[in-house]
Amino acid sequence: MSSAIKRAVFLYFALFILIIGVGVVMEVPFTVRLCVEAAAYSLIALGLNIQWGYGGLFNFGIMGFIMIGGFAVAFTSMPINMEFWNSDGPLMLLKVIIAAIIGAMLIIGANKLPMIGIKGKLHKIMQILAWFIAYIIFRTQIDPAADYIEKTSTYVGGLGLPVIIGWAFGGILAAGVAYIIGKICLGLRTDYLAIATIGVSEIIRALIKNMDWLTKGTLTVSPVPWPVPNPQAFQAMGVGIDASFIVARASFLAVVLVVLLGALFLIQRAYSGPWGRMMRSIRDNHIAAASMGKNVKSRQLEIFIFGSVLIGIGGAILTSFAQIFDPGGYQPINHTFIIWVMVIVGGAGNNFGAVFGGIFIYIIWILSEPVSQALFINISAFSEGFGFSAIPEIESRALQMRVFVLGLVITIALRFAPKGLIPEVMHQQKDEVKNE
Amino acid sequence: MNELIFFFNKVIISGMVLGSIYALGAIGITLIFGILRFAHFAHGDMMTMGAFITFILVAIATSLGLSGPLPMGFMVLPIAMVIAAFFALGIDKGFYAPLRARGAKPVTLLIASIGVTLMIQGLIRLFFGTKTRTFFADEPKVIYRIDIPFFDATRPISITEPQILMILVTLVAVLALHFFLTKSKFGKAMRAMADNADLAQVSGINTKLVIKVTWVIAGALACMAGTMLALDVTLKPDLAFNIVLPIFAAAIVGGLGHAYGAIAGGFLVGFAETMAVFNWAVLLRPFKENLPLWLPNDLSLVPTEYKLTVAFVILVIVLLIRPTGIFKGAST
């Protein structure tokens, strides 16, 4: 057993002890909830690990993909809203789709203009004009439709499908959006790509927050169903309240773990295969990889989409576990930067590192609130003993410590363990390099 | 005529104010990128931090009973900028300098700047809570209404005192920066280093000192921009977090590493945002009888909720058509 594997086993064991410790100190239902969310976050961290660890792609728009996953599961698994289907809403939406198709055809047509001899500046002007006209055509249809649906039936409602299909749809929808974004943005260099993806995620947030007709906006969609019987169902069967939460959440955890381990297995296989080697070669030197005949651009698009699928599924799991889809609850800190901290601390380029980082950082993130609250209460009592006044609003202040702790953890990690706790393993030919 | 004045109030004045704030923020980002070659994500939170420093100073000054001809926020601004500059130096020494010494890639510095963002934001929230504050709790916000005596206009041009001061202060800051960069020894050294760091070093330029000067300027300008933003709207912990995107858009549109480009980009993005959300139907009102009936009442290009998308769209268009920005930027 090499030292790297020993280290990983030790860290996972320590993590296990930590979770048991949390279970002893805090309540058990709380700990199981923590585990479910941590597992979902690890899945998202795996997604980012594919994009950043394998592909070197700077995706700072994770929040957007998590939101898309959340919307997808809310849309597919909520019950059907008959009020909407019985109104003129569907017809108006059909008109919107037709308008969108006409607009798309205009844009495609404008792009193809060089075929009939319109080139250069004139072509560019025509393209911009086509986009503008398409936008106006779309707006003329979407605005009244949105108004009408919001007035008659609040929102379009769901499709009433099983939750697991909703999770899958979250992945598919995220993949579709990733394809469009990747096509536009992936040519950009690191810093620019980071800004562009931040912008994309902010746009997705603005859209989902304000498209009340589709997502109910800030009114929030609830209750989003579970793939397994929820605590209320167990209580109806006569199980005690505490026990019902533990059983229901544990069975949810089992489903999430199946998804997580399945994804981990598949990714690990791909990673050690030729595909993974090719991706790493593109990451480390894309010019050399291109000269070896690899299609860098389409490979990067591929990896961006794969990563986004996992992020979308993770987002869907989070939403269905919380039982509520609240577009106002998504923040870049909680849903983008924390994932980066997970991957960097865990070890970029190592799947086990990403999963470890996901669980570990999520526990730190959640626990820093009660810990700092206890700390503040003690400091407050201590300083009062010296005649100072007590610290005001300890509870709300303790909550804000999470953000600070997160920043502290990543800066410490970058300084002292820049490759992460479980660093990337480079398999090299043994007869060439003996120091492995 | 009233419609034109409305346009002036809504687009020209707001655009100038927004553009000034964006320009000041973008200069800092662009200078840091030019010298250190990384996108400094913590800049937005450095702006917020600057605004809070000013807020504390205002509170101290008011409690001492000081008052002056200008709003307190502007009176204490120079002191706040000095303090913010020291903070910026401290952040560099504590978090970025060790990484640079190790020879870390710019990408690592970028991630470190996110850590710094989180820490600044966490500390601000820890000490000040999440509530919204205003600089004008104790003093009135003077609004000037300039009546137009001709063209039978009834609506006055209205502009607040802080807005006038902001535009003036930005002008002074930009001119000072211009003379610093073109006339002073340090300014020339900075430009040389932005152009070619290695060459600058072998020519005997003290690159460590240049880096320090860069942080001082960036920190001071960030404090200025943050204070202005807080004076124009309100002060809250996530004040500038949301405008990191337009500021970066401004810096990139102007060409990263190019100080004048950042100024131009700042005003471009500022005006584009106010113009995009302006309801152009207002300007057509005098000709109402001659217009076709199907014309909707709302002719704004994007709804106000999507204001943020404007900066992004500009950014993407510029990156696709002219990746180096309007002026040629420094390349990585």
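1. Looking at the overall build of chain B
Next up, step 1: The number of helices and strands found in chain B is 13 helices and two strands.
Next up, step 2: Relative to the compact-globule value of 20 Å for 332 residues, chain B shows a C-alpha radius of gyration of 21 Å, a close match.
Next up, step 3: Taking the principal axes of its C-alpha atoms as reference, chain B extends roughly 70 × 55 × 40 Å.
Next up, step 4: Taking all 332 residues of chain B together, 54% fall into the buried category.
Next up, step 5: Here the contacts in chain B between residues at least 6 apart in sequence split such that 75% fall between residues at least 24 apart.
Next up, step 6: Carbon and sulfur atoms form 68% of the exposed surface of chain B, whose accessible area is close to 14600 Å².
Next up, step 7: Both charge centroids of chain B, one from 24 positive and one from 16 negative side chains, sit 13 Å from each other.

2. Describing the confidence of the model for chain A
Next up, step 1: Looking at chain A as a whole, its pLDDT mean stands at 87, while 97% of the residues score no less than 70.
Next up, step 2: Every residue in residues 432-436 of chain A scores below 50 in pLDDT, and together they form three contacts with partners more than four places removed in sequence or on other chains.

3. Observations regarding the environment of Met 16 of chain B
Next up, step 1: With respect to the helices and strands, Met 16 of chain B occurs in helix H1 (residues 2-36).
Next up, step 2: The class of Met 16 of chain B is partly exposed, set by a relative accessible area of 27%.

4. Considering the interface of chain A and chain B
Next up, step 1: Taken residue by residue, the interface counts 44 residues in chain A and 47 residues in chain B.
Next up, step 2: Between chain A and chain B, the buried area comes to about 4000 Å², and carbon and sulfur atoms account for 76% of it.
Next up, step 3: The tally of links from chain A across to chain B stands at zero salt bridges.
Next up, step 4: At the junction of chain A with chain B, the criterion picks out four residue pairs in polar contact (both at pLDDT 80 or more).

5. Topic: the domain arrangement of chain A
All names here are of chain A.
Next up, step 1: Domains assigned within chain A are domain 1 (3-81 + 154-416) and domain 2 (82-153).
Next up, step 2: Computed from C-alpha coordinates alone, the two centres of domain 1 and domain 2 are separated by 34 Å.
Next up, step 3: Between domain 1 and domain 2, the buried area comes to about 840 Å², and carbon and sulfur atoms account for 61% of it.
Next up, step 4: Counting the surface domain 1 buries against domain 2, the share from its top three residues, Asn 81, Thr 154 and Trp 213, is 64%.
Next up, step 5: Taken together, the connections running from domain 1 to domain 2 amount to zero salt bridges.
Next up, step 6: For the side of domain 1 that touches domain 2, the residue count by class is four nonpolar, two polar and one charged.

6. Remarks on the packing of aromatic side chains
Next up, step 1: What the rule picks out here adds up to 29 aromatic pairs over all chains.
Next up, step 2: Centre to centre, the rings of Phe 278 of chain B and Trp 280 of chain B are 5.3 Å apart; their planes meet at 85°, and the pair counts as edge-to-face.
Next up, step 3: What makes Phe 278 of chain B buried here is its relative accessible area of 4%.
Next up, step 4: Using a relative accessible area of 27% as the deciding quantity, one classes Trp 280 of chain B as partly exposed.
Next up, step 5: An aromatic cluster is defined as three or more aromatic residues linked by ring pairs; in this entry it consists of Trp 52, Phe 58, Phe 60, Phe 337 and Trp 340 of chain A together with Phe 41 and Phe 248 of chain B.
Next up, step 6: Across from the ring centre of Trp 365 of chain A, 4.5 Å away, lies the NZ or CZ of Arg 402 of chain A, which sits over that ring.

7. Side note on the nonpolar core
What tends to happen in soluble globular proteins is that the nonpolar side chains get buried as a cluster.
Next up, step 1: Formed by 223 residues in total, the largest nonpolar core has its most connected members in Phe 58 of chain A together with Phe 41 of chain B.
Next up, step 2: Sorting elements by how many residues they give to this core places helix H9 (residues 207-232) of chain B first, with 16 residues.
Next up, step 3: The two domains that each donate at least three residues to this core are domain 1 (3-81 + 154-416) and domain 2 (82-153) of chain A.
Next up, step 4: Residue contacts for Phe 41 of chain B: discarding those within four places in its chain leaves Ala 194, Ile 195 and Ile 198 of chain A together with Leu 110, Ser 113, Ile 114, Thr 117, Val 244 and Phe 248 of chain B.
Next up, step 5: Counting residues in hydrophobic clusters, the runner-up holds seven residues, among them Phe 376, Ile 394 and Met 401 of chain A together with Met 119 of chain B.

Rules of the game
- Residues numbered from 1 in each chain as written.
- Chains lettered and ligands numbered in written order.
- Predicted model: local features only at pLDDT ≥ 70, side-chain atom pairs only at ≥ 80, totals over all residues.
- Heavy atoms only, no water.
- Helix = DSSP H or I, 4+ residues; strand = E, 2+ residues; numbered from the N terminus.
- Rg over C-alpha atoms; globule rule 2.2 N^0.38 Å.
- Buried < 20%, exposed > 50% of the residue type's maximum accessible area, 1.4 Å probe, protein only.
- Contact = heavy atoms within 4.5 Å.
- Areas by Shrake-Rupley, 256 points an atom, 1.4 Å probe, with all protein chains shown as cover.
- Lys, Arg positive; Asp, Glu negative; His and termini not counted.
- Charge placed at Lys NZ, Arg CZ, Asp CG, Glu CD.
- pLDDT = per-residue confidence, 0-100.
- Buried area = accessible area lost by both parts, 1.4 Å probe.
- Salt bridge = Lys/Arg side-chain N within 4 Å of Asp/Glu carboxyl O.
- Polar contact = N/O pair within 3.5 Å; in protein donor to acceptor, adjacent residues only side chain to side chain.
- Domains from an automatic or database assignment.
- Nonpolar A, V, L, I, M, F, W, Y, C, P; charged D, E, K, R; others polar.
- Phe/Tyr/Trp six-rings, centres within 6.5 Å; stacked < 30°, edge-to-face > 60°.
- Lys NZ or Arg CZ within 6 Å of the ring centre and 35° of its normal.
- Core = buried A, V, L, I, M, F, W, Y, C linked by side-chain atoms within 4.5 Å.

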